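Residues per chain, in single letters:
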Protein chains: 2
Amino acid sequence: MAKKAFQDYYAEDVSHCYGCGRFNEHGHQLKSYWDGEETVAHFTPKPYHTAIPGYVYGGLIASLVDCHGTGTASAAATRAQGKKMEDGPLRFVTASLKVDYLRPTPLGPELELRGKVTELKERKVVVQITLYAEGQACAKGEVVAVVMPEGMVR
Amino acid sequence: MAKKAFQDYYAEDVSHCYGCGRFNEHGHQLKSYWDGEETVAHFTPKPYHTAIPGYVYGGLIASLVDCHGTGTASAAATRAQGKKMEDGPLRFVTASLKVDYLRPTPLGPELELRGKVTELKERKVVVQITLYAEGQACAKGEVVAVVMPEGMVR
């Protein structure tokens, strides 16, 4: 059985995110995992996810950073509470997203996102993310994630 | 004849952006215009551009902010040089993108993005953008746009 990603543990009614929801058939379905104390996700853009031809669209990069950030926040907060993902992780949403584009990201190769938690409070987690293509850092991001507000699920 | 958007003046070889390229049939094809000293763009998300059900995916919001920002930069820089868009605008790319999500953005209504140039140099333009849904500000963004590097077009 394949290892389950953070996002595969989200409750069914909050698993429709375009970036990472397993029930969004149109979306990216990003999958994030622990790799030691870091988190990792991989994604291969489609040929049409282009900015200037030959390079990855910055909005897609922002999207991947966003979802890897909230996924990392969910996993880190759950672990900090001494719980397992199987018990139902907290669902985080993005309060703030920042991406610095270090260099054009080549379109074609698989991208790797690596996340590190730099602040961990009960209801707020900050995650630093670096996006790599062919081993070279192409973008750095910061996600400030907060626990999904009560009553947001309709 | 319909008014042409900033993005409609981009050179053909740099008009494939997933967010705003008129030749990207899979993409958002965002269109930005002057509205006095501000710039404006409208976009209606698809039903699958969801975050938590009922709300717009934050990655899409980041994408729209990104492309409205680079479009605004292009138009403002062209105007500052005393040129017309018909003469071929400078093409900007994003150096840095920041989005603060003020409140969940309802999925369904048309979104409005309004941009203001807050810094204008020859090769760097900073744009502040507010995204509205039903008249309410839902996100604020900042785009640091720089002139596309020479040789980026392959």
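Note: the structure precedes this text.
I will try to describe carefully the structure that is included in this document.

Rules behind the numbers
Residues numbered from 1 in each chain as written. Chains lettered and ligands numbered in written order. Predicted model: local features only at pLDDT ≥ 70, side-chain atom pairs only at ≥ 80, totals over all residues. Helix = DSSP H or I, 4+ residues; strand = E, 2+ residues; numbered from the N terminus. Rg over C-alpha atoms; globule rule 2.2 N^0.38 Å. Buried ≥ 20, exposed ≤ 12 C-beta atoms within 10 Å, placed from the backbone. Contact = placed C-beta atoms within 7 Å. Core = buried A, V, L, I, M, F, W, Y, C linked by C-beta atoms within 7 Å. Nonpolar A, V, L, I, M, F, W, Y, C, P; charged D, E, K, R; others polar. Least-squares fit on C-alpha atoms with pLDDT ≥ 70 in both. Pairing = 2+ DSSP bridges. Axes fitted to C-alpha atoms, helices over the stretch in contact; angles between N-to-C directions. Expected span 1.5 Å × (residues − 1).

### Considering the overall build of chain A
When you go through chain A residue by residue, the secondary structure sums to one helix and six strands. Moving toward the C terminus, one meets the helices and strands of chain A in the order β-β-α-β-β-β-β. For 154 residues, the compact-globule formula gives about 15 Å, and the C-alpha radius of gyration of chain A, at 15 Å, lands near that figure. Counting only C-alpha atoms and orienting by the principal axes, one finds that chain A spans roughly 45 × 35 × 30 Å. Split into buried and exposed, the 154 residues of chain A put 45% on the buried side. Across chain A, every contact between residues at least 6 apart in sequence was considered, and the portion connecting residues at least 24 apart equals 62%.

### Quick look at the nonpolar core
Counting residues in hydrophobic clusters, the biggest one holds 84 residues, and the most contacted among them are I61, L64 and V65 of chain A together with I61, L64 and V65 of chain B. Ignoring sequence-local partners within four residues, the contact set of L64 of chain B consists of L30, F43, L113 and L131 of chain B.

### Brief notes about the interface of chain A and chain B
Residue-level contacts link 38 residues of chain A with 38 residues of chain B. Looking at the side of chain A that touches chain B, the elements that each hand over two or more residues are α1 (58–80) and β3 (92–101) of chain A. Ranked by the residues each element gives to the side of chain A that touches chain B, the list is headed by β3 of chain A, at nine residues. Per-class residue counts for the side of chain A that touches chain B are 20 nonpolar, 13 polar and five charged.

### Here we look at the relation of the copies chain A and chain B
Rotating chain A by 180° about the axis while translating it 0.0 Å along that axis superimposes it on chain B, leaving an RMSD of 0.0 Å. Here the symmetry operator amounts to a two-fold rotation axis. Of every C-alpha in chain A, the one belonging to K98 of chain A sits nearest the axis of rotation, 2.1 Å from it. The residues that chain A uses at the interface reappear at the interface of chain B in 100% of cases, marking a shared surface.

### Here we look at the sheet that holds strand β4 (residues 111–120) of chain B
What the twelve strands build is an open sheet, ordered β1(A)-β2(A)-β4(A)-β5(A)-β6(A)-β3(A)-β3(B)-β6(B)-β5(B)-β4(B)-β2(B)-β1(B); its pairing is antiparallel. Strand pairing shows two members of the sheet lacking a second neighbour, β1 (32–35) of chain A together with β1 (32–35) of chain B, which therefore form its edges. The mean inter-strand angle of the sheet, taken between neighbouring strand axes irrespective of direction, is 25°. Across five bridges, the pairing between strand β2 (residues 38–43) of chain B and β4 of chain B is antiparallel. Paired with V40 of chain B across the strands is R114 of chain B, a residue of β4 of chain B. Contacts from α1 of chain A reach β1, β2 (38–43), β3, β4 (111–120), β5 (124–133) and β6 (136–147) of chain A together with β3 (92–101) of chain B within the one sheet, and its direction differs from that of β3 of chain A by about 135°. Contacting β3 of chain A together with β1, β2, β3, β4, β5 (124–133) and β6 (136–147) of chain B, helix α1 (residues 58–80) of chain B crosses the sheet at an angle of about 135° to β3 of chain B.

### Some words on α1 of chain B
All names here are of chain B. Between its terminal C-alpha atoms α1 stretches 32 Å, which fits the 33 Å expected from 23 residues at 1.5 Å a residue. Burial analysis of α1 places 20 of its 23 residues in the buried class, the great majority of the element. After α1 finishes, the residue G82 shows a positive phi value of roughly 75°.

### Some remarks on the pairing of β5 of chain B
Looking down a regular strand, the side chains alternate between one sheet face and the other. All names here are of chain B. Of the two faces of β5, the one lined by V125, V127, I129, L131 and A133 is fully buried and the one lined by K124, V126, Q128, T130 and Y132 carries no buried residue. When β4 meets β5, the two strands line up antiparallel, connected through nine bridges. Its bridge partner lying in β5, R114 is registered against T130. Sheet analysis places β5 next to β6, joined by ten bridges and oriented antiparallel. Of the residues in β6, the one forming a bridge with Y132 is A137. Connecting the antiparallel pair β5 and β6 is a turn made up of two residues, with E134 showing a positive phi of about 55°.

### Examining the environment of G108 of chain A
All names here are of chain A. Mapped onto the fold, G108 is located in the loop between β3 and β4. Taking the number of C-beta atoms within 10 Å as the measure of exposure, G108 has 13 and is therefore partly exposed. The spatial distance from the C-alpha of G108 to the C-alpha of E134 is 10.0 Å, given a sequence separation of 26 residues.

### Description of unusual backbone geometry
Peptide bonds are, in most cases, trans, and in most cases residues other than glycine have a negative phi. Residues and elements named next belong to chain B. Although it is not a glycine, Q29 sits at a positive phi angle of roughly 50°. Structurally, the position occupied by Q29 is in the segment before β1. Of note, the phi angle at E134 is positive, near 55°, even though the residue is not glycine. Looking at the element boundaries, E134 is found in the loop between β5 and β6.

None of the figures reported here should be taken as evidence of function without further support.
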